[in-house]
Amino acid sequence: AMNDPYSPPPAPSAGISLDERQWAMFAHLSALLGGVLTSVFGGWGTFIGPLVIWLVRKDAMPFVDDQGKEALNFNITVAIVALLLSGFFWFFTVVTLGLGLIIVIPLLAWLVLVVIASVRANAGEAYRYPLTLRLVR
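So, a few notes on the structure that sits alongside this text.

Observations regarding the overall build of the protein chain
Then, number 1: Within the protein chain one finds four helices and zero strands.
Then, number 2: The helix and strand sequence of the protein chain, counted from the amino end, reads α-α-α-α.
Then, number 3: Every one of the 137 residues in the protein chain was classed for burial, and the buried ones make up 40%.
Then, number 4: Sequence-distant contacts, at least 24 apart, represent 71% of the contacts inside the protein chain between residues at least 6 apart.
Then, number 5: Surface accessibility of the protein chain: about 7,800 Å² in total, with carbon and sulfur atoms responsible for 75%.

In structure tokens, the structure reads:
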């Protein structure tokens, strides 16, 4: 069921309209915009775009409700991790003579996962991000 946060994503459905698939894709992609716009503050704003799209479209579009919550939960998780890591980033980079830059790997993983989710949503396929706290149900 779409409302069970621990269930696997539903199978692709030909019954999902183009408009609904595009809004679901925007829910995922809006995290990139939020990350860029708040990058000078550590990129914590990755969840703002998914939140707005989910709130505006969730009642009229079940697929956007599902994928908006997924994007929101994933990006809340990313914001929490970014907040926790940001204080240690420069410290570890200096102390480890640059090896602390390995912390950039989660940023690249976030980017790849958001793109994958966006492409799948646009195809009408629900996506579940790995390692995501399911805070919004």
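Section: unusual backbone geometry
Then, number 1: One non-glycine residue, Leu-131, adopts positive backbone phi at about 55°.
Then, number 2: Mapped onto the fold, Leu-131 is located in the segment after helix H4 (104-122).
Then, number 3: The exposed category is assigned to Leu-131, whose relative accessible area is 83%.

Regarding the packing of helix H1 (residues 18-37) against helix H2 (residues 48-57)
Then, number 1: Contact pair H1 / H2: the axes reach a minimum separation of 7 Å and the direction vectors enclose 155°. As judged from the angle between their axes, H1 and H2 are roughly antiparallel. Here Trp-23, Phe-26, Ala-27, Ser-30 and Ala-31 of H1 come into contact with H2, specifically with Gly-49, Pro-50, Ile-53 and Arg-57.
Then, number 2: Residue composition of the contact of H1 with H2, by class: six nonpolar, two polar and one charged.

What to know about the pattern of salt bridges
Then, number 1: Using the criterion set out here, one finds five salt bridges in the structure.
Then, number 2: Close ionic contact of Glu-70 with Arg-128 constitutes a salt bridge, the shortest N to O distance being 3.7 Å. In this pair, Glu-70 is assigned in helix H3 (residues 62-95) and Arg-128 in the segment after H4, connecting sequence segments 58 residues apart. The exposure classification of Glu-70 matches that of Arg-128, with both residues buried.
Then, number 3: The closest approach of N and O atoms between Arg-134 and Glu-70, which form a salt bridge, is 2.7 Å. Placement of the pair is Arg-134 in the segment after H4 and Glu-70 in helix H3, with a sequence separation of 64 residues. The pair Arg-134 / Glu-70 is uniform in exposure class, with both members buried.

Analysis parameters
Residues numbered from 1 in each chain as written. Predicted model: local features only at pLDDT ≥ 70, side-chain atom pairs only at ≥ 80, totals over all residues. Heavy atoms only, no water. Helix = DSSP H or I, 4+ residues; strand = E, 2+ residues; numbered from the N terminus. Buried < 20%, exposed > 50% of the residue type's maximum accessible area, 1.4 Å probe, protein only. Contact = heavy atoms within 4.5 Å. Areas by Shrake-Rupley, 256 points an atom, 1.4 Å probe, with all protein chains shown as cover. Axes fitted to C-alpha atoms, helices over the stretch in contact; angles between N-to-C directions. Parallel < 35°, antiparallel > 145°, perpendicular 65-115°, else oblique. Nonpolar A, V, L, I, M, F, W, Y, C, P; charged D, E, K, R; others polar. Salt bridge = Lys/Arg side-chain N within 4 Å of Asp/Glu carboxyl O.

Take it as geometry only, folks, not as evidence of what the structure does.
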